[in-house]
Structure formats: structure tokens, C-alpha cells
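Descriptive analysis of the structure
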Amino acid sequence: MSVTRLSFPYGESIQWFSPDKIAELPDSPLSKWLLSSGSLTQKLRSHCTKFEVKVLGEGTITPFNGEFPNQRQAWVREVLLCLDDVPWIFARTLIPANLLDMKQADFLSLGTRPLGELLFTTDDFTPGKIEIAHFTPCKQLANLLKTLDQAVTKELWGRRRYFSYNDTELIVSETFLPAARQLIEQM
Ligand SMILES: C=C(O[C@@H]1C=C(C(=O)O)C=C[C@H]1O)C(=O)O
């Protein structure tokens, strides 16, 4: 899989909704994955022999309009979570500058370790609300999926979770790629 950091960021401006505002969530088990609490990494690891985080890019950039209210800039980390060499999740994490300052070593040294190892192994971060989106990728994300040979035949589903740390919070969004949806729907 040859993706380049030159195209970072891959994320797109997406409309997120509270789950109860979505007329029709996808059939289970996908909706169970979208709404599941706990570490997604842990859940993914139980469905593969080889779990890998491929970092697409990280850096301080401007979030999309409305993506991260009151944050003109944020540390953004985009990764692919791969199960047995198949990319399942495109994840985009937004970390506000004040939180990055407090936990710089943790976040900047993550590399190919999953963020979940940081968020779920200490009591520092409190999981908050989940929002859901379903969308047709265009531009960067669509191009990324082309390079991954994952044709988009139907809308993608994603979720984003808020994690609070003292009086600030980070946002983790996870988009389920076509390969993941196909395999989850066979479960
Ligand atoms: C938040 C978690 O961490 C996962 C790992 C990520 C990363 O390494 O950037 C991003 C999103 C998550 O799916 C988790 O495991 O639930």
C-alpha cells in the first residue's frame, strides 16, 4: 500500500449528528460498531492476527469550518488502522493546542502506537458523546480510497467521539472503509 504523506490532510468536512437524530442507522452489526464504547483498537485487534497503525500525517493545521469550535488551529493526526494488511478505518484526531501543551510527549511520540493505548490505559481521559455521519467521500479521501483499491459503492459510515481531559477535550473521528463494512456485515 503506497500512500503518501504529501497529500495530508485527507480528512473532509463532514456533517456529524447525534445518533438519535439519524433516521436510519445501518443494520447491525455495523451500528453496534459505530455506537460501541471502549477502545476501537481493542475491538479491531480481536478480529485479526496482525494489527497496524499507518500514520498518514500529523501536524498543526486549521480544522474545517465547524469541525472544532473555538479552535483556530489543532494538532491533527490521521491514520489508517489496518487488520491483516487491510485498511479498515480512516481515523482523524483533533487535539487542541492547550491539551497538546499539557501532554506533548504522549501525543508527539505516539508514532505507530494506537492512540487508544493512551486514551484507555489511564484515567486522564473521559470518553464523552458519540456522533455519527454517513457521507460520500470526495476529493482527498476518495483519492486515498482509490490508492487503497477500495471502491466506494455506497455511503461511508463514521463516528466521532469526544474525550475530555480536565476542562478541555479532543475529538477522534473514525470512518469505516468499504473493506471493513463488507467484513462487519458478514459477522
Ligand atoms: C481512540 C482509539 O484509538 C484508535 C487509534 C487511533 C490512532 O492511533 O490515531 C485513532 C483512532 C482510534 O480508532 C481507540 O482505540 O478507541
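Note that the structure is predicted; figures quoted are calculated from it, not measured.

1. What to know about the packing of aromatic side chains
Under the criterion given, the structure shown has five aromatic pairs. The interplanar angle of 85° and the centroid separation of 6.3 Å between the aromatic rings of W33 and F176 together place this pair among those described as edge-to-face. Taken together, the residues span a long stretch of sequence, with W33 in helix α1 (residues 30–35) and F176 in strand β6 (residues 168–176) at a distance of 143 residues. A residue is classified by how much of its surface remains accessible, and W33, at 3% relative accessible area, is buried. What links up through ring pairs into an aromatic cluster is the set W33, W88 and F176. One Lys or Arg, K43, reaches over the ring of W33 and ends 4.5 Å from the middle of that ring. The ring of Y162 has K129 sitting right over it, with the charged end atom 4.7 Å from the ring centre.

2. With respect to unusual backbone geometry
Going from F8 to P9, the amide bond is cis rather than trans, its omega being 0°. Mapped onto the secondary structure, P9 falls in the segment before α1. The phi angle at D85 is positive, at roughly 70°, despite the residue not being glycine. With respect to the element layout, D85 can be found in the loop between β2 (74–83) and β3 (86–96). Residue D149 is not a glycine yet carries a positive backbone phi of 55°.

3. Considering the site of the ligand
The environment of the ligand is formed by 17 residues, the closest being L40, T41, R77, R161 and E174. The protein chains hide 100% of the 390 Å² of surface that the ligand would expose on its own. Those elements that provide at least two residues to the shell around the ligand are α2 (40–45), β2, α5 (116–119) and β6. Looking at the shell around the ligand element by element, the count peaks at three residues for β2.

4. So, the sheet that holds β2
The sheet built from six strands is open, its strands ordered β1-β2-β3-β6-β5-β4 with antiparallel pairing. Two strands close off the open sheet at either side, each with one partner strand: β1 (51–61) and β4 (126–135). Along the sheet, successive strands turn relative to each other by an average axial angle of 20°, direction set aside. In the sheet, β1 pairs with β2 via 10 bridges, with the strands oriented antiparallel. Its bridge partner being in β2, E52 is matched across the sheet by C82. Docked against the sheet, helix α6 (residues 139–147) engages β1, β2, β3, β4 and β5 (156–165), running at close to 150° with respect to β3. Its contacts with the sheet put helix α7 (residues 178–185) on β3, β5 and β6, and the angle it makes with β3 is roughly 115°.

5. Points about the side chain of T41
Looking at the element boundaries, T41 is found in helix α2. Here T41 is in contact with F51 and P114, once residues within four sequence places are set aside.

6. Examining the UniProt feature "binding site: substrate" (unreviewed entry) in the chain
Those places that UniProt annotates as "binding site: substrate" (unreviewed entry) correspond, in this numbering, to R77, L115 and E174. Across 98 residues of sequence, these annotated residues stay compact in space, with a maximum C-alpha separation of 12.0 Å. Exposure remark for R77: the relative accessible area of 4% places this residue in the buried category. Discounting chain neighbours no more than four positions away, the residues touching R77 are V53, V55, G57, E58, A91, R92, T93, L110, G111, R113 and L115. Reaching out from R77, the side chain makes a polar contact with the side chain of E58 at a distance of 2.8 Å. In this fold, L115 is placed in the loop between α4 (104–108) and α5. When neighbours within four sequence positions are excluded, L115 is seen to be in contact with R77, T93, F107, L110 and V172.

Thresholds applied
Residues numbered from 1 in each chain as written. Predicted model: local features only at pLDDT ≥ 70, side-chain atom pairs only at ≥ 80, totals over all residues. Heavy atoms only, no water. Phe/Tyr/Trp six-rings, centres within 6.5 Å; stacked < 30°, edge-to-face > 60°. Helix = DSSP H or I, 4+ residues; strand = E, 2+ residues; numbered from the N terminus. Buried < 20%, exposed > 50% of the residue type's maximum accessible area, 1.4 Å probe, protein only. Lys NZ or Arg CZ within 6 Å of the ring centre and 35° of its normal. Near = heavy atom within 4 Å. Areas by Shrake-Rupley, 256 points an atom, 1.4 Å probe, with all protein chains shown as cover. Pairing = 2+ DSSP bridges. Axes fitted to C-alpha atoms, helices over the stretch in contact; angles between N-to-C directions. Contact = heavy atoms within 4.5 Å. UniProt positions renumbered as here; feature names shortened; annotations may be inferred. Polar contact = N/O pair within 3.5 Å; in protein donor to acceptor, adjacent residues only side chain to side chain.

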